[in-house]
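This is what each chain is made of:
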Amino acid sequence: MSSEFTKLFELIVSASLINNFVFTRFLGLCIFFGVSKKMETAAGMSITFTAVMMISAAFSWVIFNYVMVPLDITFLKIIVFIGVVAGIVQASDTIMRKVAPGLYYKLGIYLALISTNCIILAVPLVNAGEHYNFIESLAFGFGSGIGFALALVIMASIREKIELADVPAPFRGLPMAFVITGLIALAFTGFSGLITL
Amino acid sequence: MDTAKKEHQLIVSVSPHIKSEETTSRIMWSVNAALLPATVMGAYFFGPRAVFILVISIIASVLSEYIFQKSLNRKVSVNDGSAFLTGLLLGMNLPPSVPFYIPIIGSFVAVVITKQLFGGLGFNVFNPALIGRAFLLISFPKLMTIWKEPTAAFIQFDAKTTATPLGILKEEGVAKLMEVFGDNISLYTQLFVGHRAGSIGETSSIALLIGAAFLLYRGYISWHIPVSFLGTAALIAWIFGTKGALFTGDPIVHLFSGGMLLGAFFMATDYVTCPSVKKGQILFGIGCGFLTMLIRLKGGYPEGVMFAILIMNCFSPIIDRGFKTKVFGAKKETKESKK
């Protein structure tokens, strides 16, 4: 029992810090750079993203193991997972418009962009590839979401800090964001080798 | 205007009215001076080659800052000593056997990418010297992990390669460390004096402590970060230091080896990249100590000080936000006032 918990804990830590999708695999960068200008949108996006990630990991696990494996159509997993993710994002889009309209307008186009985010597709694919069970898939989705949230919050705080800095003109805005991401990634390599799954 | 009249003149100026002798350049040059004992010990143990590396690193840092600022028509600020300090710290963090182009690449990354692109001194998010070193470690992993045995004789050209104490601890355990250094006492003295393999400026604990005492005495660094950093690391080393047994680890070996002292006193306390609120600094120090020991005991690298400080640098804007002091007279924001 305790070894299972250890495995889950390691999965979450590994997905959020050691193999952080943004800083070690450089996935999901469009949203990452898009909403990390302000802390408020970054925090909102983090919560939405983690929730969508877990729900889509759960749904795609069920569909993969109970529909695609019995029918032997696992080669279709990319297309099917994109469909599942898009459906869930559309649902969360509608819910957010009713529940938190302010945040909905701040996130703007990026909410719809979640459906084409690389991380949200990568998580079900990794889950399917590694044959994680249901709980492990959820843990992996949760860890990835937390990792993305962490990346967003760090990035937003740094970008807000250097907003008034005298950055050379060609580097203002997005180029500087890429430089910062590279430097954070450099710092995060310190975690490498911490947990080997 | 006669002098009598001038003396009675009232000076009207805008605030702030605080008068202090302290300037950025004075503090920077003081830190450089505080690093002098450790530099001298490094030169003594690792010979002329180490001196060359330090000099090249400093010249490359100052030159890259000068060229960058000149070419962008900015005010050239090499006299404030910060580029000199970056170069010195980077040089002190390099193994004494690296080829001479290594400190040049490192200095460029440190000064131009980590500091000047962010808008110069005061805006950089990461410690420049540490980013320089991390960049070198990842780009040239082989060159950056060849350690020379200290010779203690200034002119001796063929030095043996050997492993650092932390490297031995990581690969072969405590028993091997004792075998190499003899007994406990001789291990502690060697670590204290600095007669061990390691980066140029990090080996001599006593020299680093002298420099740190000078900075603390002058009030240029406060105790918050070093104490919380070293305290956390010592506690974790004591509890989890030995595999399989709790509360039997040896904190002294961990504190006096690797770049622990250099990092805790000279690099984590960098004004720009650590949180500015005191409570936040304590949290920052605890985070550094925890991550250092996590990487040393569990991670893939034998030494974790550099990565720990860099990772905590990422978090320091958030820490500052969390411990924001209340503005005098400000009212707590309520739901009504928001609407």
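I will try to describe carefully the structure that is included in this document.

Moving on: a nonpolar patch on the surface. Residue and element names in this part refer to chain B. A contiguous nonpolar surface patch, about 510 Å² in accessible area, is contributed by Val51, Val55, Ile59, Leu63, Tyr66 and Ile67. Within the secondary structure, isoleucine 67 sits in helix α3 (residues 36-71). Overall, the relative accessible area of 51% leaves isoleucine 67 in the exposed class.

Here we come to the nonpolar core. Phe32, Ile114 and Ile184 of chain A together with Phe266 of chain B are the most contacted members of the largest nonpolar core, which totals 140 residues. Counting five residues, the second-largest nonpolar core is a separate cluster that includes Met68, Phe81, Leu121 and Ala128 of chain A.

On to the environment of isoleucine 195 of chain A, then. Residues and elements named next belong to chain A. Along the chain, isoleucine 195 turns up in the segment after α10 (174-188). Isoleucine 195 sits in the buried class, given a relative accessible area of 18%. Sequence spacing of isoleucine 195 and valine 13 is 182 residues, and the spatial spacing of their C-alpha atoms is 8.5 Å. Once residues lying within four places of it in the same chain are set aside, the contact partners of isoleucine 195 are Glu10, Val13 and Ile18.

All right, on to the pattern of salt bridges then. Pairs may arise between side chains of opposite charge once their charged atoms sit close together. One pass over the full model with this rule turns up 10 salt bridges over all chains. Glutamate 163 of chain A serves as the salt-bridge partner of lysine 38 of chain A, at 3.6 Å between the closest nitrogen and oxygen. Separated by 125 residues along the polypeptide, lysine 38 of chain A in the loop between α3 (29-35) and α4 (39-71) and glutamate 163 of chain A in the loop between α9 (134-161) and α10 bring together distant segments of the chain. Residue classification places lysine 38 of chain A among the partly exposed positions, given a relative accessible area of 42%. For arginine 26 of chain B, the salt bridge identified is with glutamate 22 of chain B, shortest N-O distance 3.4 Å. Owing to a relative accessible area of 36%, arginine 26 of chain B belongs among the partly exposed residues under this scheme.

A word on unusual backbone geometry. For residues besides glycine, phi is generally negative; the peptide bonds are generally trans as well. The backbone of phenylalanine 26 of chain A sits at a positive phi, close to 50°, despite the residue not being glycine. Within the secondary structure, phenylalanine 26 of chain A sits in the loop between α2 (21-24) and α3. If you check the backbone angles, asparagine 73 of chain B has positive phi at about 55° while not being a glycine. Here asparagine 73 of chain B lies in the loop between α3 and α4 (82-92). Asparagine 73 of chain B gets classed as exposed once you look at its relative accessible area, which sits at 72%.

Taken together, the 33 residues of chain B in the interface contact 29 residues of chain A. Counting the surface lost from both chain B and chain A, the interface buries some 2,500 Å², and carbon and sulfur atoms represent 76% of this. For the chain B face of the interface with chain A, the top three residues by lost area are Leu117, Phe118 and Arg321 of chain B, together amounting to 22%. The tally of links between chain B and chain A comes to two salt bridges. With its nearest N and O atoms 2.1 Å apart, the salt bridge here joins arginine 321 of chain B to glutamate 160 of chain A. The interface formed by chain B and chain A holds four residue pairs in polar contact (both at pLDDT 80 or more) in total. Elements supplying a minimum of two residues to the side of chain B that touches chain A: α5 (101-116), α6 (128-139), α14 (278-298) and α15 (305-322) of chain B. In terms of residue count, α15 of chain B provides more of the side of chain B that touches chain A than any other element does, eight residues in total.

Right, let's talk about the environment of isoleucine 138 of chain B for a bit. Inspection of the secondary structure assignment puts isoleucine 138 of chain B in helix α6. Expressed as a C-alpha distance, the spacing of isoleucine 138 of chain B and leucine 191 of chain B, which sit 53 residues apart in the sequence, is 27 Å. Excluding residues that lie within four positions of it along the chain, isoleucine 138 of chain B makes contacts with Leu186 and Thr189 of chain A together with Tyr301 of chain B.

How each quantity is defined
- Residues numbered from 1 in each chain as written.
- Chains lettered and ligands numbered in written order.
- Predicted model: local features only at pLDDT ≥ 70, side-chain atom pairs only at ≥ 80, totals over all residues.
- Heavy atoms only, no water.
- Patch = residues over 30% accessible without salt bridge, like charges linked within 9 Å, V, L, I, M, F, W, Y side chains within 5 Å.
- Areas by Shrake-Rupley, 256 points an atom, 1.4 Å probe, with all protein chains shown as cover.
- Salt bridge = Lys/Arg side-chain N within 4 Å of Asp/Glu carboxyl O.
- Helix = DSSP H or I, 4+ residues; strand = E, 2+ residues; numbered from the N terminus.
- Buried < 20%, exposed > 50% of the residue type's maximum accessible area, 1.4 Å probe, protein only.
- Core = buried A, V, L, I, M, F, W, Y, C linked by side-chain atoms within 4.5 Å.
- Contact = heavy atoms within 4.5 Å.
- Buried area = accessible area lost by both parts, 1.4 Å probe.
- Polar contact = N/O pair within 3.5 Å; in protein donor to acceptor, adjacent residues only side chain to side chain.

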